[in-house]
Every structure is written in structure tokens, then in C-alpha cells.
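What follows is each chain in one-letter form.
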Amino acid sequence: MPRLARYLTGIVPTQLSLLVLWIAVWELAGLMEYANHASVWYPPSALSIAAFLLLGQRAILPITLAIVAVTFQTATQYALPHTTLQLIEAGLLNAAAHILPYWLTGFVIRYQRIRYEHHFTLVILTVLVITPLMTLAATGLTMLSLWFTDMLPFSDIADTWLPFWIGDLTGALALGPMFLGVISAVTSSSLHLLDDPVLRPQQLMSWHFSFRILISVSCILAAMLLASFFNNSHAVFAIFFLVIPHMWIAITEPPFSNATSVAIASLLIAILIPALGLMEHALVYQFAICVVAANSLFGLAIPTLLQHNRDLRQIVATDSLTGVASRERLVRKAMAQLNRTKVQGIPLSAVVFDIDHFKQINDQLGHSEGDKALQQVTIAAQLCLRPCDLLGRFGGDEFVAILPGANQSQAEEISERIRSRVTQLMTSGGGHLSASFGVAQSVTDDTFNSLFERADSALYRAKQAGRNQVMLAPVPEQIIS
Ligand SMILES: Nc1nc2c(ncn2[C@@H]2O[C@H](COP(=O)(O)OP(=O)(O)OP(=O)(O)O)[C@@H](O)[C@H]2O)c(=O)[nH]1
């Protein structure tokens, strides 16, 4: 397919969908106005920011056309005396006033996301700084454009700019992340913007999410009914308790569920304000939505941070070459096992073993052959151990096996089995592998270090005695059993 045709089939459906979606969102927002031009939020601002974030300049044309279209509709609705040409001019000016700041918002967030790939909270901070600034810029420019095209008397600007700005800001913070998820799913965007991994629709219908939404909805209903019943400004502030269920959702739910929960809460508040006659307190509710949305935005980072923590713990706990426990995990688990077996009054033995002349394998056959030998020895040892035993790589070619419930002679038997298996392993040079073993059984006041040192001394004696053998540590007086 020629490049132009490929480009058109790729982008035109997306642009058409955005045009239709933008007008639909604008119409729906109009239905939720509690008075002429007065609304808790302005959802199109959220859609524009999300579109510029994901589509960049490709969103300019559909949003311009949508704004020109709604300018015509507004002029018809309010019977404005403008000619078609004047309305096109007004529509284009309005579009420029809206697009310029929101395109810049998308550009800055996108830039920060790419630049600070591993500092997700910094990206969220950018969103929280740039969004109020750019919604304010959009408000100022739109006021000027409306005044310049005779759609708003200059005297009305003083009363209009604040609710206009807070409406845009509330819409952007409360609905932006949800629109972002929807657009990124529809356009299959590979850009991970406000979360890691992606902010995409997933598991929305799980019962625990529904339960948490129910709590949020109950909280809104209780707070707003209370405000309506007592009709005093103090009761209105009860809505700020909404932060609690939403922080819970942010911590426990996937990013798209988190974003959707804020959208649902803000929608319910927008519907209830006129329904319960709370219009004079609209600004308080707008700020409550902003606070909940800002908290939830920070909450988007929490699953990411938890996942990073889990990954780091996994990296620290596992030896990447052999897959057995790392030294850190081995020591931690061995200490826990020692305490447990002391309480249970059962024996515990430690086996320390080390591949013989390993340095030669590295020197003669190369480091990767040495790595292979380490992996083979690990598998041989694992095949001789029980599921309750713990095998770890202590460092270099030295391994430690902790055998709870095994006394010294049982541990010796297991070590012999491993030793025998290792001797069946061959290097690519045709030589057989072998390993030396030191075995020690724990005593009452043993720590991991004292137990390890006894087993390591026995290993040293096995090396001295000619390698490829198992040596027992001398049995101290107070053996557990
Ligand atoms: N291939 C490979 N080599 C390693 C790794 N870690 C440590 N080594 C090498 O393992 C060797 C350890 O040798 P030693 O245990 O000191 O000596 P040895 O040759 O095994 O001799 P004996 O233990 O006395 O039989 C050194 O050459 C290290 O460079 C690793 O992850 N991969």
C-alpha cells in the first residue's frame, strides 16, 4: 500500500472517532450544567489533554473541527446575531485558545514521561503543576477570544473566569486519566504514559472493585445528603472524607480502575449538585474532586512502586546464574530455620561444598563453561535435596545447603549422594567435575555464622585431604539430638 494511503487508513478513523467523541462529551457535559454555562467540570478539557498526550499534533484537526461545530451550536442555541463567516472565525479562535495550552500540556507530560522513565512520581508532579497552569492559560485565552468575537461582553469576564478555570481543571484532573486509558486502548498506543505498565481497561468488574466503588458512592451520598439536609456550609466539607475510600482504591486497584473510580465519583457529584440544590457550594465540591483526583493520581504510582519493590526483592533473593537462593536470602532463611528447629527440638545440619579446581575450568575452557559447570552442579545438588531443604550460592563456586531435621550422619549421606552425582558431570573439555564437602550439625547456641564456620573448616580439611570427599565437623558436646 502506498505510504499516503497507509497513513490515511491509519490516522483518519482515529481522527474521526476523536471528533465524534469530543462533540459527544461536550453535549453530555452540557446536560450536566446546573445553570447556564455553569458546571462542576468541563470534560472536553480532559479529553483534549488525553488526546494530545497520546496522539500529539494528530489531535489538532479533529479538535479544531469539533470546537468550530460547537461554536455554531452555541450561536444557534443563544440566537447570536453572528454571520457564518464570523462564527467560523470565532470557532477557529476558540479552538486556538483551547488547543495551544492543552497541546503544550500533552507535550510537556509526554516529554517528562520519556525523560524520567523511572521517576514516575516526578511525572505525576509535573501533571499536577502543569494542569492548573495550562487550564488557567486556556481560560484566559478563551475569555479573550470570546470577547474579541463578541460572544462574551467584557464586563462578564470578571465573573466568569474563575468557575471556567476551576471547571476545566476539575475536568482535566478527574477525567483525564480515564480518557487516557480509553484512548490508549482504542489506539493500541504503546506509550506507557501515566503508569507502568499501561493504564488500560482491565478487570473493571471484579467484586472487590465494585465493593470499593459502593463505599465511595455511599460516602458521596451521605456527605451530600447531609449538606442538603442541614443546608449549612460546614456540612458541605464532609465531602472531603471521600479521599479515604479513593486512597484505598488507589493502593489496591489497577490504574484504570483507579482512574475510573474518580470519574464515577466526579460524575455522581456533578449530578447531585443540582439534584440536591447545592449549587451555591459548587466551588467546594469542585475542590473536593480536585483533591481526590490529585491523590488518586499519586496513587497511580503505588502499584508501580510495589511491583518495583517485589522485583528488587526477587533480584536480591535469587542468584541470577543458578536460580538458587542468594547469599542474603540463604543467611536470612537459615537463621529462621535454626530458630524453628531449636523450638521444635529437632536437628539441623549445614553442608558447605565447593567445586574442585574450578579456577582451571574457567582458565582452560572459558568463563561461560565455568558458568555452565555452576549450573550443572546446582541441578545435581537440587536432585538430591528434599523440598524442605534450602540450597544457596554463598559466593563464587561455594554452595551451602541447610537441611532441617537432618542430623550429621543423615547430612553426610545426602552430601555423599550429591558428591557422587557431581562426579558424573563432564565439562566440554571431557574432564569430570568433582566437589568437596564439609558437614556440621547445629548445637543449641549456634548462630548461622558459627554453624557455617564449622562446616567450612570441614570443607577446608576435605580440600587438604585431596578433594572430592565429604568431611564432618567435630561434634560439639551439646548436640540437639
Ligand atoms: N565462571 C564463573 N567463575 C566464577 C564465578 N564466581 C567466581 N568464579 C571463579 O571461581 C574461581 C574460584 O576458585 P577457588 O574456589 O578459589 O579455587 P578452585 O580453583 O576452585 O580450587 P579449589 O577450591 O581449591 O579446588 C575463581 O577463578 C573465580 O574467578 C562465576 O560466577 N562464574
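Residues numbered from 1 in each chain as written. Predicted model: local features only at pLDDT ≥ 70, side-chain atom pairs only at ≥ 80, totals over all residues. Heavy atoms only, no water.

The name given to the chain in an unreviewed UniProt entry is diguanylate cyclase, with Pseudobowmanella zhangzhouensis as the source organism. What UniProt records for the chain under Catalytic activity (unreviewed entry) is the sentence "2 GTP = 3',3'-c-di-GMP + 2 diphosphate". Regarding the chain, the UniProt comment filed under Subcellular location (unreviewed entry) reads as follows: "Cell membrane". (UniProt positions renumbered as here; feature names shortened; annotations may be inferred.)

**What about a nonpolar patch on the surface?**
A cluster of nonpolar side chains, contributed by Leu 100, Leu 141, Leu 144, Trp 147, Phe 148 and Phe 154, occupies part of the molecular surface with about 650 Å² of accessible area. No other element matches helix α5 (residues 120–148), which puts four residues into the nonpolar patch. Within the secondary structure layout, Phe 148 lies in helix α5. (Patch = residues over 30% accessible without salt bridge, like charges linked within 9 Å, V, L, I, M, F, W, Y side chains within 5 Å. Areas by Shrake-Rupley, 256 points an atom, 1.4 Å probe, with all protein chains shown as cover. Salt bridge = Lys/Arg side-chain N within 4 Å of Asp/Glu carboxyl O. Helix = DSSP H or I, 4+ residues; strand = E, 2+ residues; numbered from the N terminus.)

**Brief notes about the sheet that holds strand β5 (residues 470–472)**
One open sheet accounts for five strands, arranged β2-β3-β1-β4-β5; its pairing is mixed. Strands with a single pairing partner mark the edges of an open sheet, and in this sheet they are β2 (390–395) and β5. Sheet twist, expressed as the mean angle between neighbouring strand axes with direction ignored, is 20°. Looking at chain direction, strand β4 (residues 435–441) and β5 are connected through three bridges and run parallel. When the sheet's bridge partners are listed, Gly 438 is paired in β5 with Met 471. Strand contacts of helix α15 (residues 367–384): β1 (348–355), β2 and β3 (398–404), with the helix running at about 150° to β1, the strand carrying the most contacts. (Pairing = 2+ DSSP bridges. Axes fitted to C-alpha atoms, helices over the stretch in contact; angles between N-to-C directions. Contact = heavy atoms within 4.5 Å.)

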